[in-house]
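Okay, here's what each chain looks like letter by letter:
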Amino acid sequence: MNKRRSRTYLKSQRNKAVKYYFENPDITLKSLCEKFRVNQDKLSKDISAKLQERFNNCVARKFNK
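Residues numbered from 1 in each chain as written. Predicted model: local features only at pLDDT ≥ 70, side-chain atom pairs only at ≥ 80, totals over all residues. Heavy atoms only, no water.

(A) Representation of the nonpolar core. Counting eight residues, the largest nonpolar core is built from Ala 17, Val 18, Leu 32, Cys 33, Phe 36, Val 38, Leu 43 and Ile 47. Where this core is concerned, the elements lending two or more residues are α1 (7–23), α2 (29–36) and α3 (40–57). By residue number, the principal contributor to this core is α2, which donates three residues. Setting aside chain neighbours within four positions, we find Leu 32 in contact with Ala 17, Tyr 20, Tyr 21, Ile 27 and Leu 43. (Core = buried A, V, L, I, M, F, W, Y, C linked by side-chain atoms within 4.5 Å. Buried < 20%, exposed > 50% of the residue type's maximum accessible area, 1.4 Å probe, protein only. Helix = DSSP H or I, 4+ residues; strand = E, 2+ residues; numbered from the N terminus. Contact = heavy atoms within 4.5 Å.)

Shown next, in the form of structure tokens:
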């Protein structure tokens, strides 16, 4: 019987997966989910949120206002 994984553990795994995704952009989302054993939908949302955060913080966007 497998032990259930906690929410904090899963969140930390998703954070590691997002960091790994930005370091290795040629990797597929499916293989990334298998490697870190996380849900593909949640990982996709985390990557989208990180991309939005990076877009909002980019220098060009700050000076175009």
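(B) Local environment of α2. For α2, every residue scored as buried is listed here: Leu 32, Cys 33 and Phe 36. Looking straight down α2, one finds its buried side chains confined to an arc of 100°; they lie on one side. Structural note: α2 exposes Lys 30 and Glu 34 on the side pointing more than 90 degrees away from its buried face. Tucked inside the fold, the buried residues of α2 contact α1 and α3. One or two residues past the end of α2 sits Arg 37, with phi positive at roughly 55°. (Arc of directions from axis to C-beta.)

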